[in-house]
Amino acid sequence: MADTVYKEIRKKHDLTRDEVSDRAMSSGTPLQPERLERIENGKFPITPYEVMLLSDIYGEPALCNHYCSKECPIGEKYVPEIKVKDLTQIVLEMLSSLNSMKKNQERLIEITADGIIQDDEIRDFVYIQKELERISVTVETLQLWVEKMLAEKKINIEKYNQIINE
């Protein structure tokens, strides 16, 4: 049987189940090593709360997106999987999508101005809708990148939070 993502990430961080359990307990949340073993071996379903806990312990915010897009019945339908990328690639994808939308801005206004999408407008509308989805995914990818950098202390979290809360 293949390792679950939860086991792979724990191994990547070179932690034992006991160490993860200790870290969970020190954050005020019990997570017994036996339960973690069952989760890692696919014998027990993980709860969203446990995913968030492990994401914090490992400094792996992508774990939450994995759970939502791959394991949660609602998320499987509505949450796209976000791939971890470097900042340059994220910015270039964002600029590409924004440029495409700028070109299609007038067409979107034409299509939606009457509140009805006619049969001859559907193709263009779907194309624009897909471009908007690409922008949304790119924004989520940027957010995931920021969370990863904050977790790795590569961005000053105090300064970041201060500016976010202004």
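A brief report on the enclosed structure follows.

Reading guide: rules and limits
- Residues numbered from 1 in each chain as written.
- Predicted model: local features only at pLDDT ≥ 70, side-chain atom pairs only at ≥ 80, totals over all residues.
- Heavy atoms only, no water.
- Phe/Tyr/Trp six-rings, centres within 6.5 Å; stacked < 30°, edge-to-face > 60°.
- Lys NZ or Arg CZ within 6 Å of the ring centre and 35° of its normal.
- Core = buried A, V, L, I, M, F, W, Y, C linked by side-chain atoms within 4.5 Å.
- Buried < 20%, exposed > 50% of the residue type's maximum accessible area, 1.4 Å probe, protein only.
- Helix = DSSP H or I, 4+ residues; strand = E, 2+ residues; numbered from the N terminus.
- Contact = heavy atoms within 4.5 Å.
- Patch = residues over 30% accessible without salt bridge, like charges linked within 9 Å, V, L, I, M, F, W, Y side chains within 5 Å.
- Areas by Shrake-Rupley, 256 points an atom, 1.4 Å probe, with all protein chains shown as cover.
- Salt bridge = Lys/Arg side-chain N within 4 Å of Asp/Glu carboxyl O.
- Lys, Arg positive; Asp, Glu negative; His and termini not counted.
- Charge placed at Lys NZ, Arg CZ, Asp CG, Glu CD.
- 1 Å grid on protein atoms, 1.4 Å probe; cavity = no way out; pocket = protein on both sides within 12 Å on 5 of 7 lines; lining within 4 Å.
- Points joined across faces, edges and corners; volume = space filled by probe spheres on them.
- Nonpolar A, V, L, I, M, F, W, Y, C, P; charged D, E, K, R; others polar.

1. So, the packing of aromatic side chains
Then comes step 1: For the coordinates displayed, the defined rule picks out zero aromatic pairs.
Then comes step 2: The ring of Phe44 carries the charged tip of Arg38 above its face, separated from the ring centre by 5.3 Å.

2. Comments concerning the nonpolar core
Then comes step 1: One finds Tyr6, Val20, Leu31, Ile46, Leu54, Tyr58 and Leu63 to be the most contacted residues of the largest nonpolar core, which totals 17 residues.
Then comes step 2: Within the residue set of this core, elements represented by two or more residues are helix 1 (5–12), helix 2 (17–26), helix 3 (33–40), helix 4 (48–58) and helix 5 (62–70).
Then comes step 3: Not counting chain neighbours up to four residues away, the residues in contact with Leu31 comprise Val20, Ser21, Ala24, Leu36, Glu50, Leu53 and Leu54.
Then comes step 4: Counting residues in hydrophobic clusters, the runner-up holds five residues, among them Met101, Ile111, Ile128 and Ile135.

3. Considering a negative patch on the surface
Then comes step 1: A surface patch of like charges, here negative, comprises Asp14, Asp18, Glu19, Asp22, Glu34 and Glu37.
Then comes step 2: Only helix 2 and helix 3 provide two or more residues apiece to the negative patch.
Then comes step 3: Take the negative patch: its biggest share by element is three residues, from helix 2.
Then comes step 4: Here Asp22 is to be found in helix 2.
Then comes step 5: Take Asp22: its relative accessible area is 53%, and that puts it in the exposed class.

4. Focus on unusual backbone geometry
Then comes step 1: Positioned with a positive phi, Asp14 is a non-glycine residue whose angle comes to about 55 degrees.
Then comes step 2: Here Asp14 shows up in the loop between helix 1 and helix 2.
Then comes step 3: Exposure remark for Asp14: the relative accessible area of 67% places this residue in the exposed category.
Then comes step 4: With a phi close to 60 degrees, Lys153 is a non-glycine residue in the positive phi region.
Then comes step 5: Here Lys153 lies in the loop between helix 8 (122–151) and helix 9 (157–164).

5. Some remarks on empty space enclosed by the protein
Then comes step 1: Per the stated rule, a full pass over the model turns up one cavity of 30 Å³ or more.
Then comes step 2: Counted as a void, the largest cavity has a volume near 30 Å³.
Then comes step 3: Residues of the lining of the largest cavity, tallied by class, amount to three nonpolar, one polar and two charged.

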